[in-house]
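# Examination of the molecular architecture
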Amino acid sequence: MVESLEDRGQESFFCGPPEKSYAQLVFMSTSAGSLWNLHAIHSMCRMEHDQIRSHPSFGALCQRTAANECCPSWSLGNYVAVLSNRSSCLDITQADTTRTLALLRACALYYHRGALVPSCLGPGKDKPPRCTQVPTKCSQSSAVYQLLHFLLDRDFLSPQTADYQVPSLKYSLLFLPTLKGASMMGIYLDRLAMPWGLSDNYTSVTGMDLGLKQELLRHYLAQDTVYPLLALAAIFLSIALYLRSLFLTLMVLLGVLGSLLVAFFLYRVAFRMAYFPFVNLAALVLLSSVCANHTLIFFDLWRLSKSQLPSGGLAQRVGRTMHHFGYLLLVSGLTTGAAFYASYLSRLPAVRCFALYMGTAVLAHLALTLAWLPSSAVLHERYLARGCASQARGPWAGSAPRRLALALHRRLRGLRRAASSTSRLLFQRLLPCGVIKFRYIWICWFAALAAGGAYIAGVSPRLRLPTLPPPRGQVFRPSHPFERFDAEYRQQFLFERLPQGEGGHMPVVLVWGILPVDTGDPLDPRSNSSLVSDPAFSASGPEAQRWLLALCRGARNQSFFGAQPEGWPTLCFVEALQRWMESPGCARLGPGLCCGHSGFPWAPQLFLHCLKMMALEQGPESPRDLGARFNTQGGLAALVLQFQTNFPYSPDYSQAHHFYTEVNHWLAAELGRAPPGLRRGWFTSRLELYSLQHSLSTEPAVVLGLALALAFATLLLGTWNVPLSLFSVAAVAGTVLLTVGLLVLLEWQLNTAEALFLSASVGLSVDFTVNYCISYHLCPHPDRLSRVAFSLRQSSCATAVGAAALFAAGVLMLPATVLLYRKLGIVLMMVKCVSCGFASFFFQSLCCFFGPEKNCGQILWPCAHLPWDAGTGEPGGEKAGRPRPGPVGGVPGSCSEQYELQPLARRRSPSFDTSTATSKLSHRPSVLSEDLQLHDGPYCSRPPPGPASPRELFLDHQAVFSQCPALQTSSPYKQAGPSPKTQARQGSPGKKAELVQASLEAPAHPPRPKPQVVEPPDCLCSSASTLEGLSVSDETCLSTSEPSARVPDSVGASPEDLDETEQTVPERGQLNEKRDTLWLALKETVYDPSLPASHQSSSSWKGRGGPGDGSPVVLPNSQPDLPDVWVRRPSTHTSGYSS
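Residues numbered from 1 in each chain as written. Predicted model: local features only at pLDDT ≥ 70, side-chain atom pairs only at ≥ 80, totals over all residues. Heavy atoms only, no water.

## Examining the sheet that holds strand β3 (residues 203-209)
The following threshold applies: By this definition, two strands are paired if DSSP reports at least two bridges between them. The helix and strand labels rest on DSSP assignments: H or I over at least four residues marks a helix, E over at least two residues marks a strand, and numbering proceeds from the N terminus. Convention adopted: a line fitted to C-alpha atoms gives each axis, helices being fitted over their contacting stretch, and angles between N-to-C directions are expressed from 0 to 180 degrees.
Read across the open sheet, the three strands follow the order β2-β1-β3; overall the sheet is antiparallel. A strand with exactly one partner marks an edge of an open sheet, and here the two such strands are β2 (171-179) and β3. With direction set aside, neighbouring strand axes in the sheet form an average angle of 30 degrees. Direction of pairing for strand β1 (residues 22-29) relative to β2: antiparallel, over a ladder of six bridges. Its bridge partner lying in β2, Met28 is registered against Tyr171.

Below, the structure is given as structure tokens:
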């Protein structure tokens, strides 16, 4: 049993009072009830013994008594045992808890009044007068005071709850007799890190303060690195599955690592940055996300060029791919890099370092990708792709393992084909149809989402500013016991509520003689600054003395001037010097010049001499600081004066801002009347948290605005199109606003890491929008709906796969303990998914309504021609073709031919395919044919100019087509009943591939082996692409579902007939004035199935309708109730095959 209070006293049970330097645990009731019950008290005692005191290293860490035993913990159970004269907290009874509660209820009133203080405790008789009102039972021992001040929460027995019959104790604090620090790491990792050992049926440990936060952060940063690695694995696994090549995936990974190494070299050597924050490693994940998008787009274009040029060489394929991808990569890389560089505007060193490193990494990746990806594709195509095909036919092709592998390969290939068909249906048909048809809904919906995000982020509830200073900032997930203690429980106990500083009020420190200049490295928080003296400082003159005395008296009249505690530094040191010089104590240092001088102001030498004398009299250990700072020569170097205000310390930004603004305005007004030697004064206070809050409250909006402005400027320089740049920036801004709004709803607290990710959100959300923007810009079609459909078919699959891969990568980072990894995953998920939605639906819907057509919004330069610049309106009202420069120009003998349509059907055909989707949905006449532009070079030889006769004209035209890929355009109307020729084609299903092959062969060349049939890409089924100036139609081959339109035989004649009559080549017609000009690249193909594909020569091209008879070429409509389409061919010949 514990000795009676009379024999030993309660103080000998504990090793002194609890202190903040000891490790602390917070207990909470499991059932959400009160902790003041016998079962809960016993539970806390057992949990402490089982989880902590039983650990092997606890004995070496605990504080010991005089008997060399571990000190007991300062816990609720031990205090009840002491007050009840029990030997252990496990021995207390229900009556002990009831008696202790009654004692606390009687003494709590005096504690909350401020009468029960440490100076009133104990049996001593020399106590302050206010202690006389405290009952003896409350002040006899420190147990009551320590329970109310340290262990019980602030609401227990407070003045508001003192009258409750059964007060509720929500939280109870336990102090371990071990010091905080790294020595507690072993106990924490072995016993306290797992949540299942910290809870039972009555209580649970929900908060801790072991002094391990920074040490544990370093531990988890290394341990949780597995989650970013899993995210990277998810990104590159998605790339591998999409490309179906481990070699290409490895090369992409090496490209990312090489870009980061180049950026690190420039960061260290070129920029000479000494500080490399850990957050810079997030660039590995972020750059991988950017690289994934570029990789998927590149290989989609690579497959497209391969399907459009099955017999072309690698050089031609690389040229066609890079013509589009190089443009896209240049615009996307520069825009993303500029958006990241915009974060350098921040004043936070970590954000500025990350902006510099990440922006440099993006630009290094841009330069490296331009050469790395095409080289990797060429190596794979030349060596690996053919090697795999040859190995399949090797000597072991008939072995059982090889047959099993081939069977598995066929099964996987079937699944892949099914997935490809599904993706083509989704991204080639359904997505363009859904975006264009419901464009009104998409614009309203995404605009409402962006407006809602802006309201949530900027008005209410807004992003919460940090409430803890940087050393205690949040670094783990919010449910971690360390974070819960700092965020929730620390302010629940009264000993933690009073911050440093007497009374918890804000002090004001006025400084003269030292300039507020930071001479350290602004990009290295570890660098120390040196003091910079003010050369104009002078405080000894008569004017300065009068002003300092007036400053003291003026400050006392301010509303924020508070009561000055005894012994505090004083603002009115001039008054103190006056009193000292007139006091008898002045003579104790011996006769001198100072004593007895009452004339004010004093001479400068006398003022300095007496100020030194007064400082010497008080001594260096005096608690009263007069504020004078002397240098080694004995001169007055600085003045540091301070006083206490009546502003209570608060982590709330609005209150701190009000305090700073009021004091700053007052000091600015006073300094305006100061003499020249005192005009450079400034003030400081406990403003560390306010400074961080002020930076975070103003900088993110400025940084995001600058990033959007730089993105707009870069897009404008890349596209020279104002509407496209505006729509792209609108989509990016909507992405950022909605993302910030969602983060607010997730109750994010804006801190350094959050500010960094928000500033990076613009750079992360640019690439998907740029994909569509460049595809729209390079589309050969002049009308906006066709260009929207073109860009969706060309880029939507890669965009969706990239967004899905990055979403999976973000999900894999959520289980991390370190908050940096978790929030990186959340930002990656949200930004990429929201960006995909805004780019695919909002941006494209804006383009459906207001997208530029032809040269609308284009900043044109002299001699600049766009793919759709084929004709412009003439002053006379007629629409004539404008010849193109170069190989497709309007010189005679060029290898292209242009037609314009005359009257078109006034009603739309109900049929719908990829070439007419946009026209049907937009209530506009359907596009009969899509553009074709041929040029000289390896694809098309330029014929000799100016044939002398119409026959030579036709023969030259035939010679040109014999050297160019023959591409048949499709009709937008499906035939109600096929013609005999169409039936002949449809009746030979096995010859469909031969028909396509025959149309792609050059008939004038000798027969050659049938080229290998190339599978269309998974997500780009012969989509048009403007590569190397070659505009290819969306429907460049005969479709099984849509045979070409039948042309009556009576309209045309064979080349033999044309040879006899020497008819001229048909030329352009004109469209009626009901519509804009629609260019038709018309080549009617008559295929003779009796001849093999290799024998299809120029005689297979049948001229339809000569100009001699003046009859038009009639294209019959498949719908009997709709008029036919006819083309008039004028007599004037203009050559050139325009798109």
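Moving on from the model shown.
## Some details on the packing of helix α23 (residues 722-745) against helix α24 (residues 752-764)
Let me state the cut-off plainly: Any angle between 65 and 115 degrees counts as roughly perpendicular, while under 35 counts as roughly parallel, over 145 as roughly antiparallel, and the rest as oblique. Each crossing is labelled by how the near helix is turned from the far one, with a counterclockwise turn of less than a right angle marking it left-handed and a clockwise turn marking it right-handed. Pairs of residues are marked as contacts when any of their non-hydrogen atoms sit within 4.5 Å. Residues are grouped as follows: nonpolar covers Ala, Val, Leu, Ile, Met, Phe, Trp, Tyr, Cys and Pro; charged covers Asp, Glu, Lys and Arg; every other residue, Gly included, is treated as polar.
Where α23 meets α24, the axes come as close as 9 Å, and the angle between the chain directions of the two elements is 150 degrees. Comparing the axis directions of α23 and α24 gives the class roughly antiparallel. The way α23 lies across α24 gives a crossing that is right-handed. Contacts from Val732, Val736, Val740 and Leu743 in α23 reach Leu758, Ser761 and Val762 in α24. Among the residues making up the contact of α23 with α24, the classes are represented as six nonpolar, one polar and no charged.

## Description of helix α3 (residues 76-83)
For clarity, the threshold we go by: Three exposure classes are used, based on accessible area relative to the maximum for each residue type with a 1.4 Å probe and protein chains only: buried under 20%, partly exposed in between, and exposed over 50%.
Burial within α3 is extensive, with eight of its eight residues counted as buried. Within α3 the residues assigned to the buried category are Leu76, Gly77, Asn78, Tyr79, Val80, Ala81, Val82 and Leu83. Where α3 is buried, its residues meet α1 (38-53), α4 (94-113), α6 (143-151) and β2. Two residues or fewer past α3, Asn85 is found with a positive phi of approximately 60 degrees.

## A short note on the confidence of the model for the protein chain
The condition that has to hold: For every residue, the predictor reports its confidence as pLDDT, a number between 0 and 100.
In the predicted model, the protein chain carries a mean pLDDT of 77, and 71% of its residues have values of at least 70. Every residue in residues 499-503 is under pLDDT 50, and counting partners more than four places away or in other chains gives seven contacts. The low-confidence segment residues 1129-1139 (pLDDT under 50) makes 58 contacts with residues lying over four places distant or belonging to another chain.

## Observations regarding the nonpolar core
For clarity, the threshold we go by: The set of buried Ala, Val, Leu, Ile, Met, Phe, Trp, Tyr and Cys residues whose side-chain atoms join them within 4.5 Å is what this entry labels a nonpolar core.
Counting residues in hydrophobic clusters, the biggest one holds 248 residues, and the most contacted among them are Leu210, Leu510 and Trp512. For this core, the element with the highest residue contribution is helix α27 (residues 819-850), accounting for 17 residues. In this view, Leu210 contacts Ala23, Gln24, Leu25, Lys180, Gly181, Met184, Tyr188, Leu192 and Phe482; residues no more than four positions away in its chain are not counted. With five residues, the next largest nonpolar core counts Val509, Val511, Ile514 and Val640 among its residues.

## So, the state of the cysteines
As a reminder, the rule being used: Cysteine sulfur atoms that come within 2.5 Å of each other are treated as a disulfide pair.
Applying the stated rule across the entire model yields six disulfides. For Cys107, the disulfide goes to Cys138, at an S-S distance of 1.8 Å. One disulfide, between Cys107 and Cys138, carries an S-S torsion of -85 degrees and so falls in the left-handed class. Taken together, the residues span a long stretch of sequence, with Cys107 in helix α4 and Cys138 in helix α5 (residues 136-139) at a distance of 31 residues. Among the residues examined, Cys138 registers a relative accessible area of 0% and is labelled buried. Considering cysteine sulfurs only, Cys847 is the nearest to Cys773, which forms no disulfide, with 7.4 Å between them. On the basis of relative accessible area, Cys773 is assigned to the buried category, the value being 0%.

## Considering the pattern of salt bridges
Note the threshold: What counts as a salt bridge is simple: a side-chain nitrogen of Lys or Arg found within 4 Å of a carboxyl oxygen of Asp or Glu.
Here the structure, examined in full by the defined rule, presents 22 salt bridges. Put simply, Asp96 and Arg86 hold a salt bridge, and the shortest N to O gap is 2.8 Å. Taken as a pair, Asp96 in helix α4 and Arg86 in the loop between α3 and α4 lie far apart in primary sequence, ten residues in all. In this structure Asp96 comes out as buried when scored by relative accessible area, which is 1%. Of the charged contacts, one joins Glu381 and Lys306 as a salt bridge, the two residues approaching to 3.0 Å between their closest N and O atoms. Of the two residues, Glu381 sits in helix α13 (residues 349-391) while Lys306 sits in helix α11 (residues 283-308), which places them 75 residues apart along the sequence.

## A closer look at the pairing of β3
Extensive coverage of β3 is indicated by the burial of seven of its seven residues. Where β1 and β3 come together, six bridges link them in antiparallel fashion. For Phe27, the partnering residue across the bridge sits in β3 and is Val205.

## What to know about unusual backbone geometry
Omega for the bond connecting Ser460 with Pro461 falls within 30 degrees of zero, at 0 degrees, which places this linkage in the cis form. Residue placement: Pro461 occurs in the loop between α15 (439-458) and α16 (481-489). Backbone geometry at Arg244 places phi at a positive 60 degrees, although glycine is not the residue there. Along the chain, the position of Arg244 falls in the loop between α9 (226-243) and α10 (246-270). For Arg244, a relative accessible area of 43% translates into the label partly exposed.

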